[in-house]
Amino acid sequence: MLLLRRINTQNSYFWFMGGGGAKKACPQYVPPELITRISDTSLYLFSCRVNIIMKSRILALLREKGAVISGECISDVLGISRVSVWKHIRKLQELGYPIRSSAKGYQMDGDFDALYPWEFSHQAYKIYFHQQLPSTMDAALELARNGCDAFTVVIAEQQAKGRGRLNRVWHSTKGGLYFTLVLRPEISPVFLFQINFAVALCIVQMLNELFGIEAGIKWPNDILVGKKKICGMLSQMEAEAEHVSFLNVGIGLNVNNLPSAVEPGAISIFEILGTKVARRKILSDFLARFEAFLNQNDIGNILVQWRQCSLTLGRTVRVVTTNNVVEGRAIDIDENGGLTIRLADGTEKTVVYGDCFH
Ligand code: BTN
């Protein structure tokens, strides 16, 4: 049985201690959830993490309350000064959060679909958010080569040069969810397809559980609703011999954008439901689900689940590879992720990459 496990980088880890007793005395009070591994000795990184946690907690308080909450109350709950609360709130307002300030305190007026690091609670310290990037693949590649932690996530609100499989353009207009996840799996490069399959399965499950959307997977990794594509995945890896240095998985999910305007074969969650949804909840759910999935599943299980979600198996397909076209009935997926096709003459052929049409 082959298990997929996450591994850490070789960085040394330090434990930053804090505790309830220090709460009032110390201006840099460290909440219990901050007693965690931080992959650098730098105090700068530590204060960034504190900053992220504080914003995350302020937003949670404002969202939970749904009414005016005083600066004093926030300051008491968080164990930071009122000036510090005010500074965090002013920054959030500058970034576009609809927080109203009054003599009585602060109130969140409506929602704001933001993807800043503090929207992702425990994963916060690995999230890199950019308003605009050429492609999250390039930024993640640089981070991965420089030794960033596994489960680092690079998000872009928009991409100027978003790319898809087989050198296609990935239209990345505002409202979609575009991110690349850096992974450092401890498996041989030939088994990396399992991770891509696992990502696709998690997206399908997430769409179903959060929104009741019934999606399926077109081999190898397109996620469709009906015949329309809602999500695409692009992988990039570097390995030395049998050791995978990193696997970057780029995911483009059509959420609140209108992809059918530029791509008739595409659809978004908004186009299906007729209402906008919070991308932060989607990404949070996906990351937690994927992490749990990797810890729980073995290869056999991934293949079984993939077959159940497949829209390709049992269909008449046409797979175009660089120098070949294979047509026939898709009958199975093999242990290397290849698609086995029964040809008209009854023989079977397995393709490991290509563009699949059905
Ligand atoms: C495909 O279906 O062809 C794959 C599309 C992958 C798009 C995502 S969006 C985030 C990441 N950055 C990119 O430039 N591409 C991937």
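As shown above, the structure is provided for reference.
Residues numbered from 1 in each chain as written. Predicted model: local features only at pLDDT ≥ 70, side-chain atom pairs only at ≥ 80, totals over all residues.

Asks: Talk me through the site of the ligand; I want residue IDs and the actual numbers.
Replies: Taken together, 20 residues sit near the ligand, with Ser135, Gly164, Gly232, Gly250 and Gly252 positioned nearest. Listing elements by their share of the shell around the ligand, those giving two or more residues are helix 4 (136-145), strand 7 (177-183), strand 10 (228-240) and strand 11 (243-253). Split by residue class, the shell around the ligand holds 7 nonpolar, 9 polar and 4 charged. (Near = placed C-beta within 6 Å. Helix = DSSP H or I, 4+ residues; strand = E, 2+ residues; numbered from the N terminus. Nonpolar A, V, L, I, M, F, W, Y, C, P; charged D, E, K, R; others polar.)

Asks: Please provide a residue-by-residue account of the sheet that holds strand 10, values included.
Replies: Taken in spatial order, the 7 strands make up an open sheet running 5-6-7-11-10-9-8, and their pairing is mixed. Strand pairing shows two members of the sheet lacking a second neighbour, strand 5 (127-133) and strand 8 (216-218), which therefore form its edges. Direction aside, the axes of adjacent strands within the sheet are offset by 20° on average. Looking at chain direction, strand 6 (residues 152-159) and strand 7 are connected through 5 bridges and run antiparallel. Across the sheet, Thr152 pairs through a bridge with Val182, a residue of strand 7. (Pairing = 2+ DSSP bridges. Axes fitted to C-alpha atoms, helices over the stretch in contact; angles between N-to-C directions.)

Asks: Before we move on, could you go through the sheet that holds strand 16 (residues 355-357) and cite the residues and values that matter?
Replies: Reading across the sheet, the 5 strands line up as 15-14-13-12-16 and stay open at both edges, with antiparallel pairing between neighbours. Where the open sheet ends on each side, the last strands, each with one partner, are strand 15 (348-351) and strand 16. Here the strands of the sheet are splayed against their neighbours by 45° on average, with no regard to which way each runs. Sheet analysis places strand 12 (residues 316-320) next to strand 13 (residues 325-333), joined by 5 bridges and oriented antiparallel. From the neighbouring strand, Val320 faces strand 13, where its bridge partner is Val325.

Asks: Let's hear about the nonpolar core: which residues, and what values?
Replies: Phe179, Ala198, Val199, Ala200 and Ile203 are the most contacted members of the largest nonpolar core, which has 82 residues in total. Contacts of Phe179, omitting those with residues within four sequence positions, involve Thr136, Val153, Val154, Ile155, Ile251 and Leu283. (Core = buried A, V, L, I, M, F, W, Y, C linked by C-beta atoms within 7 Å. Buried ≥ 20, exposed ≤ 12 C-beta atoms within 10 Å, placed from the backbone. Contact = placed C-beta atoms within 7 Å.)

Asks: Kindly report on the pairing of strand 15, identifying the contributing residues and their values.
Replies: By the bridge criterion, 4 bridges tie strand 14 (residues 339-342) to strand 15 in an arrangement that is antiparallel. Looking at the pairing, Leu339 lines up with Val351 of strand 15. The loop that links strand 14 with its antiparallel partner strand 15 comprises 5 residues; one of these, Gly346, has a positive phi angle of about 90°.

Asks: Describe the packing of helix 5 (residues 193-211) against helix 7 (residues 279-296), listing the residues and the values that go with them.
Replies: It is the contact of helix 5 with helix 7, at a shortest axis distance of 9 Å, that shows an interaxial angle of 130°. For the element pair helix 5 / helix 7, the angle class is oblique. Where helix 5 crosses over helix 7, the handedness of that crossing is right-handed. Of the residues in helix 7, those in contact with Ala198, Val199, Cys202, Ile203, Gln205, Met206 and Leu210 of helix 5 are Lys281, Ile282, Asp285, Phe286, Arg289, Phe290, Phe293 and Leu294. Residues that form the contact of helix 5 with helix 7 fall into these classes: 11 nonpolar, 1 polar and 3 charged. (Parallel < 35°, antiparallel > 145°, perpendicular 65-115°, else oblique. Left-handed = near helix turned anticlockwise from the far one by under 90°.)

Asks: How would you summarise unusual backbone geometry if you had to cite specific residues and measurements?
Replies: Along the chain, Trp219 connects to Pro220 via a cis peptide bond; the corresponding omega equals 0°. Topologically, Pro220 is positioned in the loop between strand 8 and strand 9 (222-225). A positive phi angle, close to 75°, is found at Phe151, a residue other than glycine. Positive phi, normally seen in glycine, also occurs at Ala241, with a value near 50°. Mapped onto the elements, Ala241 comes out in the loop between strand 10 and strand 11. A residue is classified by how many C-beta atoms lie within 10 Å of it, and Ala241, with 7 of them, is exposed.

Geometric descriptors of this kind do not, in isolation, establish any biological role.
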